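# Results of the structural survey
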Amino acid sequence: MSKTRFNNLFEGIIDINNLDWAFKKSMKGKNRFNRDAIIFSANETHNINKLRQQLIDGTYTFSGYKRFMVHEPKERIIDAPYHVDKVVQLATDRVLKRVYQPAFIFDSYACLDGKGTHKAVKRVSEFFKRASVDFGKEAFIIKLDVRRFFYTVDRPTLKTIVRKKIKCRKTLSLIDHIIDSADAIDPLGMPLGNTLSQLLTNVYMNEFDQFCKRKLKLKYYIRYADDVISIVKNKDEALLILETMSYFLKTVLKLDVHPGKSRVFPIEQGVNAYGFKIYRTHRLLRDDSKKKIKRKTKKMPNLIRRGKLSKETAETMLNSWYGHAMYGSSYNFVEKLKRRNPFIYQDSKGRLKIDENIIKEGVI
């Protein structure tokens, strides 16, 4: 990480244009229908100016969290901030990204502008090909996963890491206040619903990235959140590096690796990562992804007939999944899915569509 340290960031955070941008961003999607969002937006200009003055005066206080459960892609507890706090976090996140994103390694892919799971998948495929040339069939994959990552981040350690890059006292005070807001939930971890949690956990794990790239000299290394993949020349090196990685995480970042998901294996076996089973020559959709879309499509006709699901929402769901599926060798599976569900067809542009007439006939 660059040793450059940043001062005077607070002026950028409280800039009225930045706060206006954060407010508009916070009102996108379903969030605009939340009760506190409606109240805040009813007197938008006054509330933004009031919030700005509170930040300047140091009287801004975090409002707490709303807790709910999500079930996709897996069951998780989400603690989400109230609308005013989301505006503050978006404004802060926008400024901090300019500081931190240039300092991150190229092969970090979670919650970063211009990155994401599909680019991570492509990069792993590229690494497979290059490592196969460099190391041959002796190459081994290291797969590492942190146990309960978001829930076990050590907040004092995070604050120390943040201070390596930032020296603006008012900005540090605001970041500390947001981090400390999680004390009301648990003594460890960062709330999944916090906008700033995504960036701060990347800042946290960047210490690990830098160790792996600079100290361990890993050529083929990629991280998506707490899911790490590296390819090395043989099994002995893989075992030694996994042990070293685990020790660093435990002693420096106070994190534990997941024993059931952290292991080494030959490159010829391929790797389950980021929604795909990735091999040197091709990629396949993971079985759990196939099972989920089969369950969803099976329920669609009944939900549409009962008015519980609109045709447009169902098509959006299908095409979102289809866009993901096409990053793998999924043609045969998609064709089979259409045959099993004759109400699904593809238009001339290749988009998945729903024939409501077939559904209304009640044959399905």
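Structural data are supplied above this passage.
Residues numbered from 1 in each chain as written. Predicted model: local features only at pLDDT ≥ 70, side-chain atom pairs only at ≥ 80, totals over all residues. Heavy atoms only, no water.

Moving on, we get to the overall build of the chain. The helix and strand tally for the chain stands at 15 helices and 11 strands. The buried share of the chain, taken over its 364 residues, is 47%. Of the roughly 19,000 Å² of accessible surface on the chain, a fraction of 50% belongs to carbon and sulfur atoms. Looking at the chain, you have 72 positive and 40 negative side-chain charges, and the mean spots of the two groups are 2 Å apart. (Helix = DSSP H or I, 4+ residues; strand = E, 2+ residues; numbered from the N terminus. Buried < 20%, exposed > 50% of the residue type's maximum accessible area, 1.4 Å probe, protein only. Areas by Shrake-Rupley, 256 points an atom, 1.4 Å probe, with all protein chains shown as cover. Lys, Arg positive; Asp, Glu negative; His and termini not counted. Charge placed at Lys NZ, Arg CZ, Asp CG, Glu CD.)

It is worth spelling out the packing of helix 12 (residues 287-305) against helix 14 (residues 331-340) at this point. Where helix 12 meets helix 14, the axes come as close as 11 Å, and the angle between the chain directions of the two elements is 20°. By the criterion of interaxial angle, the relationship of helix 12 to helix 14 is roughly parallel. Considering how the two elements wind past one another, helix 12 and helix 14 form a crossing that is right-handed. Here helix 12 contributes Lys290, Ile293, Lys294 and Thr297 to the contact with helix 14, which in turn contributes Phe333, Leu337 and Arg340. When the residues that make up the contact of helix 12 with helix 14 are grouped by side-chain class, the tally is three nonpolar, one polar and three charged. (Axes fitted to C-alpha atoms, helices over the stretch in contact; angles between N-to-C directions. Parallel < 35°, antiparallel > 145°, perpendicular 65-115°, else oblique. Left-handed = near helix turned anticlockwise from the far one by under 90°. Contact = heavy atoms within 4.5 Å. Nonpolar A, V, L, I, M, F, W, Y, C, P; charged D, E, K, R; others polar.)

Further remarks concern the pattern of salt bridges. In total, this model carries 21 salt bridges according to the counting rule given. Note that aspartate 227 is salt-bridged to lysine 143, the shortest N-O span being 2.9 Å. Placement of the pair is aspartate 227 in strand 5 (residues 227-232) and lysine 143 in strand 3 (residues 140-145), with a sequence separation of 84 residues. The same class applies to aspartate 227 and to lysine 143, which are both buried. Between aspartate 154 and lysine 254 there is a salt bridge whose closest N-O contact spans 3.8 Å. Of this pair, aspartate 154 sits in the loop between helix 7 (149-152) and helix 8 (155-162) while lysine 254 sits in the loop between helix 11 (235-251) and strand 6 (263-266), placing them 100 residues apart in sequence. Among the charged side chains, a salt-bridge network with shared partners connects Asp107, Arg123, Glu126 and Arg130. (Salt bridge = Lys/Arg side-chain N within 4 Å of Asp/Glu carboxyl O.)

Below, the discussion takes up the nonpolar core. Ranked by size, the top nonpolar core spans 69 residues in total, and within it Leu55, Tyr100, Ile166, Phe208, Met245 and Leu253 carry the most contacts. Per-element tally for this core: the top contributor is helix 10 (residues 195-215), with nine residues. Residue contacts for leucine 253: discarding those within four places in its chain leaves Asp154, Ile161, Tyr204, Met205, Glu207, Phe208 and Phe248. Counting residues in hydrophobic clusters, the runner-up holds 38 residues, among them Phe265, Ile267, Leu285 and Leu352. (Core = buried A, V, L, I, M, F, W, Y, C linked by side-chain atoms within 4.5 Å.)

Taken as a whole and judged by the stated rule, the model has 11 aromatic pairs. An angle of 40° between the planes, with centres 6.0 Å apart, marks the rings of phenylalanine 208 and phenylalanine 248 as tilted. Of this pair, phenylalanine 208 sits in helix 10 while phenylalanine 248 is found in helix 11, placing the two residues 40 residues apart along the sequence. With relative accessibility at 0%, the residue phenylalanine 208 sits in the buried group. One aromatic cluster in this structure is built from Phe208, Phe211, Tyr221 and Phe248. (Phe/Tyr/Trp six-rings, centres within 6.5 Å; stacked < 30°, edge-to-face > 60°.)

Moving on: helix 14. Taken as a whole, helix 14 has its buried residues at Phe333, Val334, Leu337 and Lys338. Summarising the axial view, the buried residues of helix 14 lie within an arc of 140°, below the 170-degree limit, and thus occupy one face. When the buried face of helix 14 is taken as reference, the exposed residues oriented beyond 90 degrees from it are Tyr331, Asn332, Arg339 and Arg340. At its buried positions, helix 14 is contacted by strand 9 (283-285), helix 12, helix 13 (311-325), strand 10 (344-346) and strand 11 (352-354). (Arc of directions from axis to C-beta.)

Shape descriptors only; they carry no functional weight alone.
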